[in-house]
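# Fold and contact review
So you can see what is in the structure, the chains are spelled out below.
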Amino acid sequence: QNPTHIYSTPGTFDVLLNSQNSSSGCADSQTIPITVHDLPTPTFTADVNIGCAPLDVTFTNTSGFPGTFNWNFGDGGTFSGTTPPVHSYAANGTYTVTLSVTDNNGCSGFTTAPGFITVRPIEPLFSMDVSSGCDPLTVTFQDSSIVPNPVADPIVSWDWDFGDGNTASGSNPAPNIYNTGIYTVSLTITTQNGCTATITGVDTVTVGTEPIVDWGVAPMTDCAKSNWDFTDLTTFIGTPGPGEVTWSWDFGDGGSSTDQNPTHQYPQDTGYFDVTLTVNWNGCAISHTVPQAVYVLAPISIFTPDAYLVCNPSSLPASIYFQDMAIHGELSDDLLMIWNWGDGTQTILDDPELDDPDKGSVSHDFNSYGSFVVEQVIYNYTTGCEDSTEQTIHISQTVADMLLSNDSACVNSPITFTGNETSTHPMGTYEFDFDDGSASTLTPSVHAYNTSGTYEVKLSVTNSVGCADSVTVPIEVLAPPQAVISPTVTVGCAPITVTYDNASTTVGNGVPIASYDWGFPDMSTQTLSTNASTTFDYDDEGVYTVTLVATDEFGCVSPTTFANMTITKPTASFTVDDVVCDLENFITNNTSIGATNYQWFIDGTQESIAVNYIGQFDDEPSPLYDHVEHTIELIATDQNGCKDTLIATIVVSLPSADFNYVHTGANTNEQGEFTCPPVFTGLTDNSQSYGTVTNWDWDFGNGNSSTLQNPNNTYVFPGTYTASLIISDEFGCTDDTEFVDYLTISGPEGTAQWISTGSVCDPSFTFLVDNLSDVTNVEWQLGNGEVISQSNQFDYTYSGEGIFTPVITLSDSLGCDVSDTLVPINVVFSNVNAFFTPIPEKAPMGANFYFDEGSSSDATIISWNWNMSDTIFTESAPNDVINVFELPGSYPVTLTVVDENGCSDTYVDTVIVTAFFELPNVITDNDDDINEFFTLPVPIFDTYDLIILNRWGDIVSEVYGSSSVILWDGTTMNGDRVNDGVYFYKISGIMVNGEFIEKHGNVTVIRD
């Protein structure tokens, strides 16, 4: 009767309901269209996805459809709206961004981008081709820094500090040369977006001076395994700091040491050994080797048994062969070897026996279990040395055994396994292999099997000397029964009775089921010995659970099985305004609980199946009523077809705007028409409304308005006027009315205005009146006391500053005067004056001229334009400026200032540059292209004559009519170079400013 159906694809579907009365046989049908909308999927992009903190990200909503959007940026920040502002990520991390939307159909969707934004710090790194060595050490550094986004935010600067006072920039700086010392190198990188970080490598570069390595040893000859004392005798050029020097000894037998003065024994061989010492100062390492530095004397005791452990021998004694591998000495040496077997016996071999091919190798029988320390002792009476070594032999027996708490068990029931072994030595380790992939090294061990079956449990034991044994025991693990519930239904509307069928079974090697334990939602229980069905009654909505546990005859218990029952009952609920306006949308706020489908009815007719209903009423207002009532009904249905209904009443307010008016005036004709303003009008509101009228908006047609309920208005100009009224009631509903051409006033008319035809620098105005009607006279009052008559248009300039309000009066032939006040005129004069003071006014070539800026203005000056004759520039602040004139002459300097109103002024002053100049008094004519010539500082001559004399007054060089800045190249007139010494010059000529000048002095020539 009340089915539930879920549509899996979007579209419009016609639902057909056929119903028939079983008593009468009458039938009817109804078709209802259902519109199913597609779920919206929002999309978005970001201008950047990876970078360093703080990372500013601009997100762009690319969804392409309207709706209500909500952003979650993954760092706790959210935003509601289509386009979010720039979002800043302040902490390092990876952030998931989610955009959710509810479209205009009420459908919701979302898009989640996991790890969409990554914020991580930049990581400065560098490498170098060498980090230590001898003075001088050349090190090449190379940047290997890592930045999160090298394309969008690349590294733009590298600042290197090499630790020795030298710095550099760039990713791969030029190699740096280090002297003896320890240096800390740092690199600071900065990215395009301003991210910066520094890496500092402590003691990055170490440099030392080559040491002079030497050493000594005492004694030089001794028995094997004696102590040899080695002494470092190295000398240094300079003084190493603490920890800057290391020592590395190679004793020639595979042994080594890092002590400065070590002690060493030679336990493996005899004879001569080369010894090497390497001394390293801050990475500068030098070695010194002494060949045959020490001599080691025999004997050295060495032997190897063919077995160290005899485990579980079949019988005693146990025989072991011991191979003699000792270094005895020379064949002619007098030797004695003693074997102590650890069981109270020994074997003695004298010199003739040791000369045999098998030397000291022997066998020995051990008659009991135990651990025996075997010792080999060798005496070499020729060298006067002796040596001995010991090794331990184990004769052992171990027998594994195992005790079980039970040889059969249910799945997941614990079984205890205990080792029960015997051994001649203390036990060492246990290892249980439970045959299901698990193991244990504890005894006792507790283990439970989660799968039924037969398992072979193996125990491996090993005693303290390594003798091992194992034993295997079978275990039978029984499968528990399987409890199964089959309910008749799993969802429904309250009240309902549900039947539960018992379909429990045995599994695998399980035994027959003995009992069934039921558990119900009201905490009651039921135990049955058969698999009979049971029932339970549900009266209230909710989610309930019935449980069943089956137990077999061995006591194995099934896992608890569950059957859930969902009983639902929706609650229909919504809110809507009690009163709405006609032809205006209203929306319901659906607050229903537990429903999935909705049907909205207006006055008994179904209108919508959306979550919230949006609609409007179209009711006609009438003098007989000011509102209309409607019913709105919601039927809420949950997923199980359970329903609930809520009906509410909604009122449509229909206000009606209306008013009366009365005009009065002193100037009327015989027909009662108004022949001249003013006319006074009183207006009375006659509006009607369901609610209280709260707002009145009057427009009187002459530019005046009012918000009073019953206002008055005065008309001061001729014309025809229309009045209108808009009302609003307490619910925001409105209505309007209009009385067209409800008032006509005769009299002179015209449109007056003034136009600014100048500027603040030159304020002038044009006054004019046009569109004249019934005008016999025009009079202007300009606001400054001056009156101008019978002029429809004229130009006028105010002589002073101030605010002036012009008034025009128009008159007709009947003596009607109409005055109109124009917009006030604000007259302001701008007074700007450019000025500066040159300091000094006269100075030689190359001197600094200071220009002290002193301009003034009523308004703010915004630019200062300087023309120095030889250069032009603009300042944006009132700065004093400096200029240098290289050549003599008279230079006009011009300053033009402009204020914020565009008004400007110019000031000109002149400075004088004199022809005084200095010449160099030394030249070095040695072909190094530095100071090779005797020259003028600048080209200051139009033409000059020059004579060079030596100390005896002879002419060395002369030139006439020249303008070159090079006066003399240090040669004679024949082109020969002059000798070192002092020479005299005389120069005379016309300067570029037209002035004649003479100058003389001396110049010294120096050559290598």
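Use the structure listed above.
First, a word on what this report is: a plain description of the structure on this page. (Residues numbered from 1 in each chain as written. Predicted model: local features only at pLDDT ≥ 70, side-chain atom pairs only at ≥ 80, totals over all residues. Heavy atoms only, no water.)

## Points about the overall build of the protein
Each helix and strand counted, the protein has one helix and 96 strands in total. Scaling as 2.2 N^0.38, a compact globule of 1008 residues should have a C-alpha radius of gyration of about 30 Å, whereas the protein reaches 58 Å, well beyond that. Here the C-alpha coordinates of the protein stretch approximately 170 × 155 × 40 Å along the principal axes. When each of the 1008 residues of the protein is scored for burial, the buried share is 38%. Intrachain contacts of the protein at a sequence separation of at least 6 include 58% that bridge at least 24 residues. Accessible surface for the protein amounts to roughly 52,500 Å². Of this, 49% is attributable to carbon and sulfur atoms. Of the charged side chains in the protein, 12 are positive and 128 negative, and the gap between their average positions amounts to 25 Å. (Helix = DSSP H or I, 4+ residues; strand = E, 2+ residues; numbered from the N terminus. Rg over C-alpha atoms; globule rule 2.2 N^0.38 Å. Buried < 20%, exposed > 50% of the residue type's maximum accessible area, 1.4 Å probe, protein only. Contact = heavy atoms within 4.5 Å. Areas by Shrake-Rupley, 256 points an atom, 1.4 Å probe, with all protein chains shown as cover. Lys, Arg positive; Asp, Glu negative; His and termini not counted. Charge placed at Lys NZ, Arg CZ, Asp CG, Glu CD.)

## Digging into the sheet that holds strand E88 (residues 889–899)
Spatially, E82-E89-E88-E85-E86 is the arrangement adopted by the five strands of the open sheet, whose pairing is mixed. Strand pairing shows two members of the sheet lacking a second neighbour, strand E82 (842–844) and strand E86 (872–875), which therefore form its edges. Across this sheet, the average inter-strand angle for adjacent strands is 25 degrees, counted without regard to direction. (Pairing = 2+ DSSP bridges. Axes fitted to C-alpha atoms, helices over the stretch in contact; angles between N-to-C directions.)

## A few points about the nonpolar core
Counting 43 residues, the largest nonpolar core has Phe-851, Trp-866, Phe-885, Phe-917, Phe-941 and Trp-968 as the members making the most contacts within it. The set of elements that each furnish at least two residues to this core consists of strand E83 (848–853), strand E85 (861–867), E88, strand E89 (904–914), strand E92 (941–949), strand E94 (966–968), strand E95 (981–991) and strand E96 (996–1005). For Phe-917, the residues in contact, after removing those within four places along its chain, are Met-845, Leu-936, Ile-940, Phe-941, Met-991, Ile-997 and Lys-999. (Core = buried A, V, L, I, M, F, W, Y, C linked by side-chain atoms within 4.5 Å.)

## A few points about the state of the cysteines
Counting across every chain of the model gives eight disulfides. Here Cys-493 pairs with Cys-642 through a disulfide, and the sulfurs are 1.7 Å apart. Between Cys-493 and Cys-642, the S-S torsion sits near -105 degrees, and that sign places the bridge as left-handed. Of the two residues, Cys-493 is situated in strand E48 (residues 491–493) and Cys-642 in the loop between strand E62 (627–637) and strand E63 (643–653); the sequence distance between them amounts to 149 residues. On the accessibility criterion, Cys-493 (31% relative accessible area) is partly exposed. Note on Cys-642: relative accessible area 6%, which makes it buried. (Disulfide = S-S within 2.5 Å.)

## Describing the packing of aromatic side chains
The full count for this structure, using the stated rule, is 66 aromatic pairs. Look at Phe-659 and Trp-698: their rings are 5.1 Å apart centre to centre, the planes differ by 70 degrees, and that puts the pair in the edge-to-face class. Note that Phe-659 is positioned in strand E64 (residues 659–665) and Trp-698 in strand E66 (residues 693–699), a separation of 39 residues in sequence. Each member of the pair Phe-659 and Trp-698 is classed as buried. For the ring pair Trp-780 and Phe-794, a centre distance of 5.6 Å and an interplane angle of 80 degrees mean the geometry is edge-to-face. (Phe/Tyr/Trp six-rings, centres within 6.5 Å; stacked < 30°, edge-to-face > 60°.)

## Section: the pattern of salt bridges
Scanning the entire structure with this criterion turns up one salt bridge. Here Lys-225 and Asp-387 are joined by a salt bridge, their closest N and O atoms 2.9 Å apart. Pair noted here: Lys-225 is in the loop between strand E22 (221–223) and strand E23 (228–232) and Asp-387 is in strand E36 (residues 385–396), with a separation of 162 residues, a long-range link. According to the relative accessible area criterion, Asp-387 is buried, its value standing at 10%. (Salt bridge = Lys/Arg side-chain N within 4 Å of Asp/Glu carboxyl O.)

## Points about the sheet that holds E83
The strand order E81-E83-E87 describes an open sheet built from three strands, whose pairing is antiparallel. The sheet is open, and its two borders are formed by strand E81 (836–839) and strand E87 (881–884), each paired with just one other strand. Each adjacent strand pair in this sheet contributes to an overall mean axis angle of 25 degrees, direction not counted. Looking at chain direction, E81 and E83 are connected through four bridges and run antiparallel. In the sheet register, Phe-836 faces E83, and the bridge partner there is Glu-853.

## A word on unusual backbone geometry
Glycine aside, residues mostly have negative phi, and peptide bonds are mostly found in the trans state. The step from Ala-218 to Pro-219 runs through a cis peptide bond, and the omega angle for that step is -10 degrees. Position of Pro-219 relative to the elements: it lies in the loop between strand E21 (215–218) and E22. The residue Asn-282 is not glycine, and still its phi comes out positive at about 55 degrees. Mapped onto the fold, Asn-282 is located in the loop between strand E27 (271–281) and strand E28 (284–297). By relative accessible area, Asn-282 is classed as buried at 6%. Phi at Asn-312 takes a positive value of approximately 50 degrees, unusual for a residue other than glycine. On the secondary structure map, Asn-312 appears in the loop between strand E30 (309–311) and strand E31 (318–324). Overall, Asn-312 belongs to the partly exposed group, its relative accessible area being 30%.

## Examining the pairing of strand E59 (residues 597–602)
Bridging between E59 and E62 involves six bridges; their strand directions are antiparallel. Paired with Asn-597 across the strands is Thr-637, a residue of E62. Across three bridges, E59 lies against strand E60 (residues 605–608) in antiparallel orientation. In the strand pairing of E60, Trp-600 is matched with Ser-608. As consecutive antiparallel partners, E59 and E60 are separated by two residues, and within that stretch Asp-603 has a phi angle of approximately 50 degrees, a positive value.

## Describing the environment of Thr-4
Its location among the elements puts Thr-4 in the segment before strand E1 (11–20). Residue Thr-4 is classed as partly exposed on the basis of its relative accessible area, which comes to 35%. Spatially, the C-alpha atom of Thr-4 lies 9.8 Å from that of Thr-596, the residues being 592 residues apart in sequence. With sequence-adjacent residues up to four places away left out, Thr-4 is seen in contact with Asp-638, Gln-639, Asn-640 and Gly-641.

## Description of a nonpolar patch on the surface
Residues Ile-839, Tyr-850 and Ile-882 make up a contiguous nonpolar surface patch of about 290 Å² in total accessible area. Here Ile-882 lies in strand E87. (Patch = residues over 30% accessible without salt bridge, like charges linked within 9 Å, V, L, I, M, F, W, Y side chains within 5 Å.)

## Observations regarding the side chain of Ser-608
As for its placement among the helices and strands, Ser-608 is situated in strand E60. In terms of polar contacts, Ser-608 uses its side chain to reach the backbone amide nitrogen of Ala-610, at 3.0 Å. Sequence-distant contacts of Ser-608, defined by excluding residues within four places in its chain, comprise Tyr-598, Gln-599, Trp-600 and Tyr-613. (Polar contact = N/O pair within 3.5 Å; in protein donor to acceptor, adjacent residues only side chain to side chain.)

## Some points on a negative patch on the surface
Where like charges cluster on the molecular surface, the negative patch consists of Glu-431, Asp-433, Asp-435, Asp-436 and Glu-456. Examined against the element boundaries, Glu-431 turns out to sit in strand E42 (residues 427–433).

## Examining the pairing of E27
Summarising burial for E27: eight of the 11 residues are buried, a large majority. Pairing geometry for strand E24 (residues 245–250) and E27, over six bridges, is antiparallel. Looking at the pairing, Trp-249 lines up with Leu-277 of E27. Linking E27 back to E28 in an antiparallel pair, the connection comprises two residues, with Asn-282 at a positive phi of about 55 degrees.

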